[in-house]
Each structure stands twice: as structure tokens, then as C-alpha cells.
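Structure assessment
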Amino acid sequence: MNITTHKTDSVSIVTLEGRLDTNTAPKLESTLNDIAASKVVIDCSALEYVSSAGLRVILAAHKRLATSGEGLTLRGVGDTVRSVLDMTGFSRILTIE
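Residues numbered from 1 in each chain as written. Predicted model: local features only at pLDDT ≥ 70, side-chain atom pairs only at ≥ 80, totals over all residues. Heavy atoms only, no water.

Turning to the nonpolar core, a few remarks are in order. Val 14, Leu 28, Leu 32, Ile 42, Leu 72 and Leu 74 are the most contacted members of the largest nonpolar core, which totals 29 residues. Secondary-structure elements contributing two or more residues to this core are strand S2 (11-20), helix H1 (25-34), strand S3 (39-50), helix H2 (52-66), strand S4 (71-75) and helix H3 (79-88). Among the elements that make up this core, the one with the highest residue count is H2 (seven residues). (Core = buried A, V, L, I, M, F, W, Y, C linked by side-chain atoms within 4.5 Å. Buried < 20%, exposed > 50% of the residue type's maximum accessible area, 1.4 Å probe, protein only. Helix = DSSP H or I, 4+ residues; strand = E, 2+ residues; numbered from the N terminus.)

The next subject is the packing of H1 against H2. Helix-helix packing is described using two parameters, namely the angle between the two axes and the distance between the axes. As a packed pair, H1 and H2 sit with axes 9 Å apart at the nearest point and diverge in direction by 10°. It follows from the interaxial angle that H1 and H2 lie roughly parallel. For the element pair H1 and H2, the recorded crossing hand is right-handed. Between H1 and H2, the residues in contact are Ala 25, Leu 28, Glu 29, Leu 32 and Asn 33 and Ala 53, Gly 54, Arg 56, Val 57, Ile 58, Ala 61 and Arg 64, respectively. Classifying every residue of the contact of H1 with H2 by side-chain character gives seven nonpolar, two polar and three charged. (Axes fitted to C-alpha atoms, helices over the stretch in contact; angles between N-to-C directions. Parallel < 35°, antiparallel > 145°, perpendicular 65-115°, else oblique. Left-handed = near helix turned anticlockwise from the far one by under 90°. Contact = heavy atoms within 4.5 Å. Nonpolar A, V, L, I, M, F, W, Y, C, P; charged D, E, K, R; others polar.)

Further remarks concern H1. Taken residue by residue, H1 has Ala 25, Leu 28, Thr 31 and Leu 32 as its buried positions. With its buried residues spanning 125° around the axis, H1 presents them on a single face. Where the residues of H1 are buried, they touch strand S1 (2-8), S2, S3 and H2. (Arc of directions from axis to C-beta.)

A few words on the pairing of S3. Along a regular strand, successive side chains alternate from one face of the sheet to the other. Alignment of S2 against S3, held across nine bridges, turns out to be parallel. Bridge pairing in S3 places Ile 13 opposite Val 41. For the segment spanning S2, H1 and S3, crossover handedness is right-handed. Alignment of S3 against S4, held across five bridges, turns out to be parallel. (Pairing = 2+ DSSP bridges. Right-handed = clockwise from strand over helix to strand, strands pointing away.)

Another aspect to go through is the pattern of salt bridges. As enumerated under the stated definition, the model contains four salt bridges in all. The salt bridge partner of Glu 29 is Arg 56, with a shortest N-O separation of 3.6 Å. Of this pair, Glu 29 sits in helix H1 while Arg 56 sits in helix H2, and the two are 27 residues apart along the sequence. According to the relative accessible area criterion, Glu 29 is partly exposed, its value standing at 28%. Overall, the relative accessible area of 45% leaves Arg 56 in the partly exposed class. (Salt bridge = Lys/Arg side-chain N within 4 Å of Asp/Glu carboxyl O.)

Structure (C-alpha cells):
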């Protein structure tokens, strides 16, 4: 999985490309923990798959950022990832654009 980040104003945009699974979730977790911004947008438009390990990382970041008042937003969620978010109930917890 490729992870790229860039910052615009006070928003950090994290772009994910490939599969977010047990092998790649620690890399995303490290990336999200290193971000100092209070608002994070995860661009999922090139994300092909997400496992429970990836969901755990996203939920932990959501909880951490929710305390700052801004939070985490998922953007560009495709059908495959959306179905996982819907089945697990994450689509009711997370902000999805």
C-alpha cells in the first residue's frame, strides 16, 4: 500500500492506494500518529480493500481526533470499501464524504 500525505491550511490529507490490511495497517497507524493537525481527511479513492486491522486503525484515529473538535473524514470511498464500512457499522460512526 502507498500512503502519501500533504497539508493544506489546518487539514492533513492522507491518500491511501492499494490494500489496507494486517500487513499495512501499522504503516497507516504510524502515519496518522505523526500528524499534528486536528483535522484529517483520508482519501480512499484508490483504496481497494480494508480489513479489520485497517478499520481498527481508522477508528483509533477517529477517537483521538474527535477530542480535538475537528476529527477525521473519509473521502472518495469506493463500493467495496463502503460495503465493509456499512456491514461493520463504521459508516454510522465515521464522517464519509
